Amino acid sequence: MPREMVLILDFGGQNTQLLARRIRELHVYCEVLPHNTRADEVKALQPKALVLAGDAGSVYDKAALGVDPAIYELGIPLLGICYGMQLMAKDLGGTVRGAGRGELEETVLTVRKMDGLFAGLEEKINVRLSCKDLVAKVPPGFAVSASAPEAPVAAMEDTQRQFYAVQFHPEVENSSFGRAVLQNYLFRVAGLAGDWTVASFIEDAVRQIRETVGDDAHAVCGLSGGVDSSVAAVLVHRAIGDRLHCIFVDHGLLRKGEAKQVLSFFCDRLRMQVTAVDATEHFLGKLAGVRDPEAKRKIIGAEFIRVFEQEAAKIGNADYLVQGTVYPDVIESGTAAAAVVKTHHNVGGLPEDLKFRLIEPLRYLFKDEVRRVGEALGLPEEIVWRHPFPGPGLAVRVLGEVTREKLEIVREADAILLEEIKAYGLYRELWQAFAILPDIRSVGVTEEGRTYAYAIALRAVTSQDAMTADWYRFPYDLLARISDRIVREVPRVNRVVYDITAKPPATIEWE
Ligand code: XMP
């Protein structure tokens, strides 16, 4: 556990993860728990400050979400944001009214108290107020610290109890204003030091893993070459050395050069214990004749588990399983306290009855933080910044039956695409870029005559979280070069098309 922690009690809505990230960007470790977490559980975590955040309708609704009232008695500084502010007003003896207005209104805030949250800021500030419900009367002990024409109580504070509340979202205010309000709360009000860094995270994580695993126990880890499992493995290796046994299952559905690259880094450079299993024949055998995408996924998932279990059994005495679970998975599962076994990522979906205890050193990190930890641990750029890749690999991108020949074609086309994108300096701008082999052949013509060969589809998207995505506007000269190289260098391909569909309505992968 880091020395200083801030806890967000979450009422749902879009902004909570962003708020947690903003707080962490200020070098303060922060976790999100459900709004109804009991006060004794909160106390046990020893947070130095609390935030009530989220959007949950009206505090007077019958089914309105609330907090354990004992939260207000813990003597911990408290910041209420929007719904959190209204809840504090209601719970502590003030009143809230509907404003009958839109969701967010641009307005000018007039600061009435220049110390506290607004220290060092201008007296008049442009903000977007969240205006559906407003505090009408502040609770006893509170004073109005900022107002706006639409909202006489746009911010309030009780300096005695260190309770603060604002009617705007400091995490989405893109000016330096929102950041300054959070800084004032964390450093001025709550007196935090802000010393949470990547280096301190690594130090704490390594110590914690050592304490958990002890001096004798062993751990296994399914390495996929993706950034999460790689960073998790390196952290655990730092903590317990050769008592970590990694298993790398090559299902024959990886990108060009991937297996070699991953193994050469972990085995040759880091001297980690990695069992590499080349199960290509086995997987291709199982996939022979299968065309349905879901059936392909099921086969690959099930076989992956079987191979992994077989290898893990050979290791014998492992008690722990290392997983690269990251914080969005934990928050989205809604049960931050429960251990979550990833069902479809990296290791292809390990069953819950595996007799392992889990080690998830990244379960409180966001993806960009995982990347920074990876960089600090000395992982190479190709691993730290690698695009996401589905567990079932190229089987998803070869439509119809998966054969060795088709895999070879899509792998070569994909390698050319990535090579050209990297050479153009665009790799990091993209969420993903890859080649697909649709089950289509068409007529073409060369100097030697007519051809009847495959078409390759290219996909390149930008995205924040893969939930939505837009197709990338490549420069035409780059598209031309990629297409030209693919038809010249990849046998049995005579046509290249570029997918110009956003998600939704399309997905990122084709399948
Ligand atoms: P779609 O195609 O649904 O994909 O828009 C969203 C994101 O998820 C990735 N993806 C997977 N990742 N195992 C994974 O680890 C899988 O089975 C899987 N299927 C899709 C996809 O690459 C994209 O980033």
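Owing to the predicted nature of the structure, the values given are computational and were not obtained by experimental measurement.

Draft legend 1. Region of the structure containing empty space enclosed by the protein. Inspection of the entire model under this criterion finds three cavities of 30 Å³ or more. Reported here for the second largest cavity is a volume of approximately 40 Å³. G12, N15, T16, A53, G54, D55, H169 and E171 are the residues that line the second largest cavity. Residues belonging to the lining of the second largest cavity are distributed by class as follows: one nonpolar, five polar and two charged.

Draft legend 2. Structural detail: the packing of aromatic side chains. Using the criterion set out here, one finds 10 aromatic pairs in the structure. Aromatic pair F11 and Y83: ring centres 5.0 Å apart, planes at 50°, arrangement tilted. Taken together, the residues F11 in the loop between β1 (5-10) and α1 (16-25) and Y83 in helix α3 (residues 83-91) connect sequence positions 72 residues apart. Just as F11 is buried, Y83 falls in that class too. Between F265 and F266 the ring centres are 5.1 Å apart and the planes differ by 80°, which places this aromatic pair in the edge-to-face class. Classification of F265 by relative accessible area gives buried; the value is 4%. You can call F266 buried: its relative accessible area is 0%. In this arrangement the basic side chain of K422 is found over the ring face of Y427, its NZ or CZ atom lying 4.7 Å from the centre. Across from the ring centre of W471, 3.9 Å away, lies the NZ or CZ of R473, which sits over that ring.

Draft legend 3. Quick peek at unusual backbone geometry. Here the residue pair K503 and P504 is connected by a cis peptide bond, since its omega of -15° sits within 30 degrees of zero. The residue P504 is located in the segment after β21 (493-498) in this model. Put simply, P504 and P505 share a cis peptide bond, and its omega is 10°. If you trace the backbone, P505 turns up in the segment after β21. With a phi angle near 50°, Q46 is a residue other than glycine that sits in the positive phi range. Mapped onto the fold, Q46 is located in the loop between α2 (39-44) and β3 (49-53).

Draft legend 4. Structural context of the domain arrangement of the protein chain. As assigned here, the protein chain comprises domain 1 (6-189), domain 2 (198-384) and domain 3 (403-498). Just the C-alpha atoms count here: the centres of domain 2 and domain 3 sit 29 Å apart. With 11 residues of domain 2 in contact, the opposing surface of domain 3 contributes eight residues. Here domain 2 and domain 3 share an interface that buries about 810 Å² over both sides, 43% of which is from carbon and sulfur atoms. The three residues of domain 2 that bury the most area against domain 3 are R255, K256 and L284, which together make up 50% of that side's buried surface. Between domain 2 and domain 3 we count four salt bridges in total.

Quick notes on the rules
Residues numbered from 1 in each chain as written. Predicted model: local features only at pLDDT ≥ 70, side-chain atom pairs only at ≥ 80, totals over all residues. Heavy atoms only, no water. 1 Å grid on protein atoms, 1.4 Å probe; cavity = no way out; pocket = protein on both sides within 12 Å on 5 of 7 lines; lining within 4 Å. Points joined across faces, edges and corners; volume = space filled by probe spheres on them. Nonpolar A, V, L, I, M, F, W, Y, C, P; charged D, E, K, R; others polar. Phe/Tyr/Trp six-rings, centres within 6.5 Å; stacked < 30°, edge-to-face > 60°. Helix = DSSP H or I, 4+ residues; strand = E, 2+ residues; numbered from the N terminus. Buried < 20%, exposed > 50% of the residue type's maximum accessible area, 1.4 Å probe, protein only. Lys NZ or Arg CZ within 6 Å of the ring centre and 35° of its normal. Domains from an automatic or database assignment. Contact = heavy atoms within 4.5 Å. Buried area = accessible area lost by both parts, 1.4 Å probe. Salt bridge = Lys/Arg side-chain N within 4 Å of Asp/Glu carboxyl O.

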